[in-house]
Amino acid sequence: MALRNSQYDLLIRSYNQKQLKHRHELNQRTQRIYEQIPRIEEISHEIASTSVAQAKELLKGNTYALTSLKEQLADLAEERTILLLRHGYPSDYLTLPYDCPDCHDTGYIGNEKCHCFRQAAIDMLYTQSNLKEILEIENFDAFSFDYYDNTVENSVTGKTAYANMKEIYTRCKQYVELFGSGENLLFYGGTGVGKTFLSNCIAKELLNAAFSVIYLTAIQLFDIFSHYTFENGDDAGAEDDTLSLILSCDLLIIDDLGTELSNSFTNSKLFYCLNERFMQKKSILISTNLTLDKINQVYSERIFSRLSSNFTLLKFYGEDIRIKKKLQPKRS
């Protein structure tokens, strides 16, 4: 999942290509307009010469002449707009178009990466991990309650697996609708009961709404932290980018927490990740097969305190859906 230097260079080249494409598009538009409306070409030349005259007067400190020149430029620009509209063109037809008006297709606003660059990096990571294909299959529209029993009530909750999943499903839909409040979710329960599927449902909806989402298994997350901490060499800049994305994306999904080899390093990095995102008011979704008691045993007291006090806890239960699917008779 790390954004390597080669990947970073590929993104920058894509921005350069966008700029070239839009300049070419503007040149074509300009040539078309000059042929159809010759007066606009004259206006362009007049604007250029007036701008030069404006610069000269500015150097002389002649504020009165400068005001007059500004008025001339405004009149010429207004005439050009009127001519464009009269011939059925939008007023900004001769303005350089941008895919991202915020950074003007450079990927940066000042020295900071633009939101479009961060999203492009995330999209690249998703594409290379094949998660986008998974999200086409695992989404709210494809979710089925048929695999959850509606006859046997849980001895603790008094609800069937079906009723419980109905509530969790509704809660997840609400989470998407109200996203941005900084709420965090913890999915816990047995294997194959829908935790990852619903995580993917949420990821797809938020990505479609232009939020930045990163999905990592716990093993992938701690591999990134390990590489950043112990093996940071030629890819130092790229690793910084990756870590920055993990800590600042709108939603970080950590799947299968507890499958990693738990030790003091993973504990400290998990606490660091949680704390950094809490301070930035960025949301986290964690799924785990561990019980709450087991989480308390495996991780530090500080981590369990953060999870229990800062997360909405949603317990999944039912039969293993993967096994049920395998046991279903195949349709002829």
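Residues numbered from 1 in each chain as written. Predicted model: local features only at pLDDT ≥ 70, side-chain atom pairs only at ≥ 80, totals over all residues. Heavy atoms only, no water.

**Q** Would you take a moment to explain the overall build of the protein chain for this structure?
**A** Broken down by element type, the protein chain carries 13 helices and seven strands. On C-alpha atoms alone, the protein chain measures out to a radius of gyration of 28 Å, which is more than a quarter above the 20 Å that the 2.2 N^0.38 rule sets for 332 residues. Reported as C-alpha extents along the three principal axes, the dimensions of the protein chain are approximately 85 × 50 × 35 Å. When burial is assessed residue by residue, the protein chain has 40% of its 332 residues classed as buried. Here the protein chain contributes 36 positive and 44 negative side-chain charges, whose respective centroids are spaced 2 Å apart. (Helix = DSSP H or I, 4+ residues; strand = E, 2+ residues; numbered from the N terminus. Rg over C-alpha atoms; globule rule 2.2 N^0.38 Å. Buried < 20%, exposed > 50% of the residue type's maximum accessible area, 1.4 Å probe, protein only. Lys, Arg positive; Asp, Glu negative; His and termini not counted. Charge placed at Lys NZ, Arg CZ, Asp CG, Glu CD.)

**Q** Whenever I open this one, the layout of surface pockets confuses me. Can you help?
**A** Gaps left between atoms are located by rolling a probe of water-molecule size over the structure's atoms. Here the largest pocket defines a volume of roughly 460 Å³. E138, G194, F197, I321 and K325 are, among the 19 residues lining the largest pocket, the residues nearest its centre. Taken together, the residues that form the lining of the largest pocket break down as eight nonpolar, six polar and five charged. (1 Å grid on protein atoms, 1.4 Å probe; cavity = no way out; pocket = protein on both sides within 12 Å on 5 of 7 lines; lining within 4 Å. Points joined across faces, edges and corners; volume = space filled by probe spheres on them. Nonpolar A, V, L, I, M, F, W, Y, C, P; charged D, E, K, R; others polar.)

**Q** When you look at the nonpolar core in this model, what are you seeing that I'm missing?
**A** Across soluble globular proteins, you tend to see nonpolar side chains buried next to one another. Ranked by size, the top nonpolar core spans 40 residues in total, and within it L252, I254, L257, L270, L274, I286 and F311 carry the most contacts. Ranked by residue count, the leading element in this core is helix α10 (residues 264–279), at six residues. Residues in contact with L274, not counting those within four places in the same chain, are I284, I286, I303, R306, L307 and F311. Counting 33 residues, the second largest nonpolar core, distinct from the first, contains F140, F145, C172 and A203. (Core = buried A, V, L, I, M, F, W, Y, C linked by side-chain atoms within 4.5 Å. Contact = heavy atoms within 4.5 Å.)

**Q** I keep staring at unusual backbone geometry and nothing clicks. Help me out?
**A** Excluding glycine, residues mostly carry a negative phi; peptide bonds, for their part, are mostly trans. If you check the backbone angles, D105 has positive phi at about 60° while not being a glycine. Within the element layout of this structure, D105 appears in the loop between α3 (63–86) and β1 (108–109). In the Ramachandran plot, K281 falls in the positive-phi region, its phi being about 55° despite a non-glycine side chain. Structurally, the position occupied by K281 is in the loop between α10 and β6 (283–288). For K281, a relative accessible area of 67% gives the class exposed.

**Q** Is there a simple way to think about the packing of aromatic side chains in this case?
**A** We describe a pair of aromatic rings using the distance from one ring centre to the other and the angle between the two ring planes. Counting across every chain of the model gives 17 aromatic pairs. Aromatic pair F145 and Y162: ring centres 5.9 Å apart, planes at 65°, arrangement edge-to-face. You can see F145 sitting in the loop between α5 (131–137) and α6 (161–177) and its partner Y162 sitting in helix α6, a full 17 residues away along the chain. Chaining the aromatic ring pairs together yields one cluster made of F140, F143, F145, Y148, Y162, Y169 and F197. Sitting over the ring of F140, K173 keeps its end group 4.7 Å from the ring centre. (Phe/Tyr/Trp six-rings, centres within 6.5 Å; stacked < 30°, edge-to-face > 60°. Lys NZ or Arg CZ within 6 Å of the ring centre and 35° of its normal.)

**Q** I'm lost on the pairing of strand β3 (residues 185–189) in this one. Help?
**A** Strand residues, when the strand is regular, have side chains that alternate between the two faces of the sheet. In terms of residue burial, β3 counts as a mostly covered element, since five of its five residues are buried. Burial along β3 is two-sided: L185, F187 and G189 facing one way and L186 and Y188 facing the other are all buried. Relative to β6, β3 is paired through four bridges, and the arrangement is parallel. What sits directly across from L185, in β6, is L285. (Pairing = 2+ DSSP bridges.)

**Q** Looking at this structure, how should I read the sheet that holds strand β4 (residues 213–217)?
**A** Sheet strands associate in pairs through backbone hydrogen bonding, adopting either a parallel or an antiparallel arrangement. Ordered by their spatial adjacency, five strands build an open sheet running β4-β5-β6-β3-β7, and the pairing between neighbours is parallel. The two strands at the open ends of the sheet, each matched to only one other strand, are β4 and β7 (312–316). Going from strand to strand, the sheet's axes swing by 15° on average, the running direction of each strand aside. Examined bridge by bridge, β3 and β7 share five bridges and lie parallel to one another. If you follow F187 over to β7, its bridge partner there is L314. Sitting on the sheet, helix α8 (residues 218–230) is in contact with β4 and β5 (251–257), with an inclination near 95° to β4. (Axes fitted to C-alpha atoms, helices over the stretch in contact; angles between N-to-C directions.)

Interpretation in functional terms is not warranted from these geometric data alone.
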